[in-house]
Amino acid sequence: DTAVSQTPKYLVTQMGNDKSIKCEQNLGHDTMYWYKQDSKKFLKIMFSYNNKELIINETVPNRFSPKSPDKAHLNLHINSLELGDSAVYFCASSHRTGEAFFGQGTRLTVV
Amino acid sequence: AQSVTQPDIHITVSEGASLELRCNYSYGATPYLFWYVQSPGQGLQLLLKYFSGDTLVQGIKGFEAEFKRSQSSFNLRKPSVHWSDAAEYFCAVGAGTGGFKTIFGAGTRLFVKA
């Protein structure tokens with residue numbers, strides 16, 4: 001009964017392709033996030049959504065487009081993938097001022 | 001701007017020894033503070049959190065942390081480390097202005113030697 005689940009867990013693709021990562025949470029949280037973790041383990045927030053509305057966009061390239069069809073889902077679409085996009089992407093959710101619960105991560109490798 | 005500093009990139013302790021991981025934050029108001037642990041290939045798991053009240057907070061797996069406003073610190077401690085504690089530890093601050101977000105430190109990698 002996974003709280004925050006994201007798919008796929010691994011994603012290998014060529015430069016220039018377009019890919020999507022899906023995320024779902026069953027915790028009833030209002031807020032969802034996407035984080036990027038680079039090879040040095042540094043975690044940086046990319047987007048934050050509250051009740052399907054974009055709240056935070058941390059100067060992420062517009063090749064990255066989050067979509068929230070409902071407050072339990074936050075998907076991440078990436079267009080024209082570049083080598084530098086290789087990283088682990090984490091979805092998370094929280095109540096508005098609470099701790100974040102994280103998914104298991106999606107390891108994206110662009111070749 | 002909010003920020004979190006974890007001065008130690010990695011720490012090695014012997015099994016059974018005590019542990020302290022350091023964390024300093026920068027935030028204008030009273031912060032929400034968190035410690036997360038990440039095992040290899042896994043997501044992040046919350047160890048403990050501080051919102052208000054008692055400055056010494058207890059978490060899971062025998063961890064505790066103390067909030068010291070005067071030092072802008074939130075150090076994580078454990079009296080006796082187990083081999084299974086080897087992981088990456090992240091300190092984080094929650095910022096609620098303009099949309100809640102959690103800002104993470106760079107992490108401290110804990111190695112446990114037998």
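Reading the values: rules and limits
- Residues numbered from 1 in each chain as written.
- Chains lettered and ligands numbered in written order.
- Predicted model: local features only at pLDDT ≥ 70, side-chain atom pairs only at ≥ 80, totals over all residues.
- Heavy atoms only, no water.
- Pairing = 2+ DSSP bridges.
- Helix = DSSP H or I, 4+ residues; strand = E, 2+ residues; numbered from the N terminus.
- Axes fitted to C-alpha atoms, helices over the stretch in contact; angles between N-to-C directions.
- Salt bridge = Lys/Arg side-chain N within 4 Å of Asp/Glu carboxyl O.
- Buried < 20%, exposed > 50% of the residue type's maximum accessible area, 1.4 Å probe, protein only.

Asks: Provide a residue-level description of the sheet that holds strand 8 (residues 73-78) of chain A, including the pertinent values.
Replies: Residues and elements named next belong to chain A. Taken together, 4 strands build an open sheet; the order of strands is 1-3-8-7 and the sheet is antiparallel. Looking at strand neighbours, the two that pair on one side only are strand 1 (4-7) and strand 7 (64-70), the edges of this open sheet. Between one strand and the next, the sheet's axes are offset by a mean angle of 20 degrees, whatever the strand orientation. The pairing of strand 3 (residues 19-25) with strand 8 spans 4 bridges and is antiparallel. In the strand pairing of strand 8, Lys19 is matched with Ile78.

Asks: Provide a residue-level description of the pattern of salt bridges, including the pertinent values.
Replies: Going through the model one piece at a time under the given rule, you end up with 8 salt bridges over all chains. Residue Glu82(A) is joined to Arg63(A) by a salt bridge in which the shortest nitrogen-to-oxygen separation is 3.4 Å. Of this pair, Glu82(A) sits in the loop between strand 8 and strand 9 (87-94) while Arg63(A) sits in the loop between strand 6 (53-57) and strand 7, placing them 19 residues apart in sequence. Assessed through its relative accessible area of 14%, Arg63(A) is described here as buried. A salt bridge links Glu99(A) to Lys49(B); the nearest nitrogen and oxygen atoms lie 3.1 Å apart. Residue Glu99(A) is found in the loop between strand 9 and strand 10 (101-102), and its partner Lys49(B) is found in strand 6 (residues 44-50); the two belong to separate chains. Glu99(A) gets classed as buried once you look at its relative accessible area, which sits at 13%.

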